[in-house]
Each structure stands twice: as C-alpha cells, then as structure tokens.
Amino acid sequence: MNATERLYEEDSYLKDCTAEVVASEVGLFRVNRTVLYAEGGGQPGDSGAVTLPDGQELAIVKSVKQPGNPNAVLHYLQDADTVLEVGSQVKLAVDWARRHRLMRMHSALHLLCAQVSAGVTGGSVGDGKGRIDFNIGADGLDKERINDGLNELVSRDLEVAARWITADELDENPDLVRTMEVQPPRSGGKVRLIEVQSADLQPCGGTHVKRTSEIGALVVGKIENKGKQNRRVNIRFAD
Ligand SMILES: [Zn+2]
C-alpha cells in the first residue's frame with residue numbers, strides 16, 4: 001500500500017479518523033488514511049495531533065506529499081526524535097480552527113478567479129489572507145468592482161461541490177484549467193474539479209467550504225504590479 005486514502009477529498013469537514021501506521025522513521029510517519037491535508041495547489045498542509053494506542057498525544061506540525069509519490073501523505077511530528085510503531089492503530093485529528101480558515105480562504109480565491117478573466121500564474125492560500133497572480137496588464141483590474149463582485153458571490157450563498165472527471169475529459173475541455181504553467185494532478189487517471197454553483201469551475205485538489213456564505217465578508221487589499229503582464233491581487237477576511 002503506497003497510497004494514503006485522503007479522506008478530506010471526499011469530505012473536507014472530517015476532523016478526525018482512526019488509521020494504521022504503515023511507515024515510520026524518526027520524526028515522521030505515513031498512515032493508510034488521513035484527514036490532514038497534504039500541502040499542494042497553493043494550500044498549506046495541515047497541522048494537528050496523533051494519539052497513540054497508549055493515549056499519548058503528539059503534535060503534528062506539517063503534512064506533505066511524499067516526494068516522488070504524490071498519492072502518499074507524510075505527517076511530521078513536532079518532537080523530531082519520536083518514531084511511531086509500524087502497524088499501530090492511531091487517531092489523527094486536524095487543527096480544525098486553522099484548517100477551516102484555510103478552507104474559507106481557498107474557496108474565496110476561487111471566487112476571485114471568477115472576477116478576473118485572465119490566466120492564473122500563481123497563488124497562495126494563507127491564514128486569513130490569500131493572493132492570486134493574473135496574466136493581465138495595468139488596465140485589466142478594477143479593485144472596487146472585484147471587491148463588490150466577491151462579496152456578492154459570498155452573500156448569494158452558492159453551493160461549492162467537488163466532482164471527478166477522467167483525464168481524457170479534461171483534455172477535451174482544456175479551458176477548465178485556469179493555471180497557465182501548472183497542470184492539475186491526475187491521480188489514477190482522474191482529475192478533481194471544484195464547482196462554485198454558476199460562478200466557477202476548475203480542477204483543484206484543495207479543501208473547500210460547502211457554501212459561499214461560510215467564507216464571510218472579504219476585502220480586496222493591494223493589487224501589486226509584478227511585471228508588465230502580471231498583477232497580484234491580495235484578499236483577506238473582513239473580520
Ligand atoms: Zn483551488
């Protein structure tokens with residue numbers, strides 16, 4: 001078993017799960033299934049905790065895809081000297097307060113994509129803030145219009161849902177991909193799409209809220225000039 005079942009891809013609201021340790025070395029381990037998101041697609045990996053069979057709880061400081069094996073997730077322990085026992089049954093819990101803020105911001109960035117008709121050259125989901133770089137010149141962006149448009153999509157309480165298509169279906173619909181240089185991951189010939197009802201549809205492996213109202217009010221911050229044909233739009237939560 002070289003893959004980790006990524007429960008968050010089907011249900012981003014799962015806060016904990018039981019799992020079996022399948023590989024372990026000093027300071028990090030891999031399990032057969034997890035609720036902790038592995039860093040990728042601009043979204044940071046989750047922190048949280050693992051509870052051992054004897055009840056001891058250890059902090060997990062980050063979660064990443066295993067180098068060379070993107071279907072496997074590695075969890076890093078805060079106590080870098082600990083080695084978990086392979087075969088042991090553990091409980092994993094995500095730092096939900098942080099993850100929920102990251103989910104809200106990731107969904108907010110998809111709403112931002114819906115406001116700007118231009119390719120995406122970069123992006124980052126932060127804690128309470130986020131940004132996207134667009135392939136667009138000086139005259140393409142109206143800050144006030146983007147601000148109003150984002151908050152209108154939030155207040156319309158639109159559904160946000162994930163679904164899977166085949167890699168062939170994606171190849172037949174190349175316009176779905178908003179990122180210009182990065183192609184979405186094709187795990188087992190499948191590509192995950194995130195659809196914001198009537199507003200946005202694009203490949204994405206990240207975790208999202210169920211409805212746009214859950215994001216809350218947004219503020220467009222600085223629009224930075226990152227080159228002749230590149231503008232960075234920063235957003236943050238209003239509260
Ligand atoms: Zn995304």
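So, a few notes on the structure that sits alongside this text.

Definitions and cut-offs
Residues numbered from 1 in each chain as written. Predicted model: local features only at pLDDT ≥ 70, side-chain atom pairs only at ≥ 80, totals over all residues. Helix = DSSP H or I, 4+ residues; strand = E, 2+ residues; numbered from the N terminus. Rg over C-alpha atoms; globule rule 2.2 N^0.38 Å. Contact = placed C-beta atoms within 7 Å. Pairing = 2+ DSSP bridges. Axes fitted to C-alpha atoms, helices over the stretch in contact; angles between N-to-C directions.

### Points about the overall build of the protein
Then comes step 1: Assigned secondary structure in the protein consists of 3 helices and 15 strands.
Then comes step 2: Here the C-alpha atoms of the protein give a radius of gyration of 19 Å, agreeing with the 18 Å that 2.2 N^0.38 yields for 239 residues.
Then comes step 3: Expressed as lengths along the three principal axes of its C-alpha atoms, the size of the protein is roughly 60 × 40 × 35 Å.
Then comes step 4: When contacts within the protein are restricted to residue pairs at least 6 apart in sequence, long-range pairs at least 24 apart make up 65% of them.

### Description of the sheet that holds strand β12 (residues 190-196)
Then comes step 1: Spatial strand order, β11-β12-β13: 3 strands in an open sheet with antiparallel pairing. If you trace the sheet from one side to the other, it starts and ends with β11 (160-166) and β13 (200-203), each paired once. The mean angle between the axes of side-by-side strands here comes to 25 degrees, regardless of whether they run parallel or antiparallel.
Then comes step 2: Across 4 bridges, β12 lies against β13 in antiparallel orientation. Each residue of the ladder has a partner; that of V196, found in β13, is D200.
Then comes step 3: Strands β11, β12 and β13 of the sheet are contacted by helix α1 (residues 96-115), whose axis makes an angle of about 115 degrees with β13.

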